[in-house]
Amino acid sequence: MKPLAERMRPKTLSEYIGQQHLVGQEAVLYKAIAAGKIPSFILWGPPGVGKTTLANIIANQLDRPFHSLSAINAGVKDIRETISKAKNQRFFSAANPILFIDEIHRFSKSQQDSLLGAVEQGVVTLIGATTENPSFEVISALLSRCQVYILQPLQKEELIQLVDQALAKDEYLKTRSIKVKSYDAMLKFSGGDGRKLLNILELVCNFAEADEAIEITNDFVSEKIQQNIAQYDKTGDQHYDMASAFIKSIRGSDPNAAVYYLARMIEGGEDVKFIARRLIIAASEDIGLANPNALLMATTCFQAVQAIGLPEARIILSQCCIYLATAPKSNSAYQAINQAQKLVRETGNLSVPLSIRNAPTSLMKTLDYGKDYKYAHDYQNNFVQHEFLPEEIIAKKLYDPQNNPSEAQIRKRLQANWKEKYGY
């Protein structure tokens with residue numbers, strides 16, 4: 001059986017709940033649909049407010065061929081194949097097929113570029129859906145060819161209407177004895193997401209036998225949801241919990257767990273750039289000087305993800321994730337900057353030693369700026385002992401090489417050059 005949210009998906013505008021500023025009888029989209037002439041446009045709004053449903057309704061009411069792609073798993077090849085099909089569906093004066101792209105903000109620049117010609121030439125009417133501001137996430141050339149319509153979060157009354165409508169009209173639920181005594185818990189857990197709300201309703205109803213009466217209360221919903229629902233809310237606690245588990249798995253050198261949480265984030269619709277930024281941070285904070293190539297790998301990963309986009313970006317993220325998880329670990333650079341900042345806050349603005357001050361003018365030179373500075377490259381092995389710290393903190397040690405092959409070499413070199421100063 002299809003999920004309740006799918007069974008209750010409206011087929012016409014008269015069944016559609018919410019967004020009256022767009023689809024009410026005097027609204028812009030209603031009039032465009034009534035006239036049979038719609039421009040390419042982008043629907044911008046939070047999850048579960050009816051973006052995909054609205055695109056389907058428009059295609060149905062205008063009786064146009066409808067093609068749907070998800071930016072999470074479609075690549076340039078899929079776009080070109082779909083556009084080719086759309087071209088073959090255009091006969092004489094027939095209206096353009098509709099190409100619906102969910103999560104269009106996840107398309108890379110090259111993927112968005114591949115849409116331009118078809119949209120400009122009228123091969124397809126593009127309807128994009130996004131939860132992100134299209135001004136930042138959609139390339140300007142494509143954005144200039146589309147209208148942008150903003151969908152609002154569903155209001156409490158509209159969400160309650162969704163529940164009541166499902167109980168009254170769904171072929172399965174309407175045959176059961178279900179009474180809603182309170183809606184608040186369902187609304188809270190749904191976060192204003194209509195699809196999630198219907199999933200919650202279906203979940204709590206499934207806790208009783210088909211012939212058993214159900215009384216939905218806030219306590220009942222809270223208990224069952226917390227026991228069973230596994231949601232990924234990229235703006236809520238789960239977003240941060242998943243990112244935390246991901247980073248801690250890398251820090252703990254467990255590639256299985258790291259790639260699992262990577263998959264959880266990708267499947268949950270997390271922005272791949274957010275994931276790649278976390279990898280860059282981990283490369284310095286947790287691996288650091290134990291393997292300096294980790295930062296290069298993570299930085300390259302971020303650049304590649306931006307250029308490629310999903311679905312292929314998941315492979316690049318997986319490669320980097322596993323590399324970092326299996327790399328030797330060191331947080332010495334992280335600890336060093338923490339200690340240095342703490343020292344700065346404690347000691348204030350200490351004077352820079354005269355010997356290493358900049359001396360661009362003759363006056364500064366007469367004040368001994370730069371005097372007795374030893375230029376390292378003038379000495380054997382490009383090194384000479386010289387004091388660089390302010391006099392008050394000469395004895396402070398901020399960087400402590402850790403126990404890994406790479407930093408063992410650093411420790412050996414420091415001790416050979418500085419003797420007792422770096423005698424760890």
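Here, the structure is the one placed above.
Residues numbered from 1 in each chain as written. Predicted model: local features only at pLDDT ≥ 70, side-chain atom pairs only at ≥ 80, totals over all residues. Heavy atoms only, no water.

Undergrad: Before we move on, can you summarise helix α6 (residues 109-120) with the specific residues and values?
TA: Here α6 is 12 residues long and its end C-alpha atoms lie 17 Å apart, about the 16 Å a rise of 1.5 Å per residue gives. For α6, the set of buried residues is Gln-111, Gln-112, Ser-114, Leu-115, Leu-116, Ala-118 and Val-119. The elements touched by buried residues of α6 are α5 (76-88), β3 (98-102), β4 (125-130), α7 (134-137), α8 (140-143) and α16 (293-308). Directly beyond the C-terminal end of α6, a positive phi value near 75° is found at Gly-122. (Helix = DSSP H or I, 4+ residues; strand = E, 2+ residues; numbered from the N terminus. Expected span 1.5 Å × (residues − 1). Buried < 20%, exposed > 50% of the residue type's maximum accessible area, 1.4 Å probe, protein only. Contact = heavy atoms within 4.5 Å.)

Undergrad: Got a sec to walk through helix α11 (residues 194-205)? Specific residues and values, please.
TA: Given a rise of 1.5 Å per residue, 12 residues ought to cover 16 Å, and the 17 Å separating the end C-alpha atoms of α11 matches this to within 8%. Of all 12 residues that make up α11, 9 are buried, and the element is covered over most of its length. The N-capping residue of α11, defined by a side-chain oxygen 3.0 Å from the backbone nitrogen of Arg-195, is Asp-193. (Polar contact = N/O pair within 3.5 Å; in protein donor to acceptor, adjacent residues only side chain to side chain.)

Undergrad: Mind laying out the pairing of strand β2 (residues 66-70), listing which residues take part and the relevant values?
TA: Only one face of β2 is buried: it carries His-67 and Leu-69, and the other face, with Phe-66, Ser-68 and Ser-70, is open. Across 5 bridges, β2 lies against β3 in parallel orientation. In the sheet register, Ser-68 faces β3, and the bridge partner there is Phe-100. (Pairing = 2+ DSSP bridges.)

Undergrad: Before we move on, can you summarise the side chain of Asp-286 with the specific residues and values?
TA: Structurally, Asp-286 is set in helix α15 (residues 272-287). Look at Asp-286 and you get buried, because its relative accessible area is 6%. In this structure the side chain of Asp-286 is engaged in a polar contact, spanning 2.7 Å, whose partner is the side chain of Arg-251. The residues touching Asp-286, leaving out its near neighbours within four places in the chain, are Ile-247, Arg-251, Lys-329 and Ser-330.

Undergrad: Summarise the environment of Pro-39; cite the residues concerned and give the values.
TA: Among the secondary structure elements, Pro-39 is positioned in the loop between α3 (28-35) and β1 (41-44). Sequence separation of Pro-39 and Asp-164 is 125 residues, and the distance between their C-alpha atoms is 34 Å. Pro-39 has contacts with Thr-125, Leu-126, Gln-147 and Tyr-149, leaving out every residue within four places of it along the chain.

These values are about where atoms sit, not about what they do.
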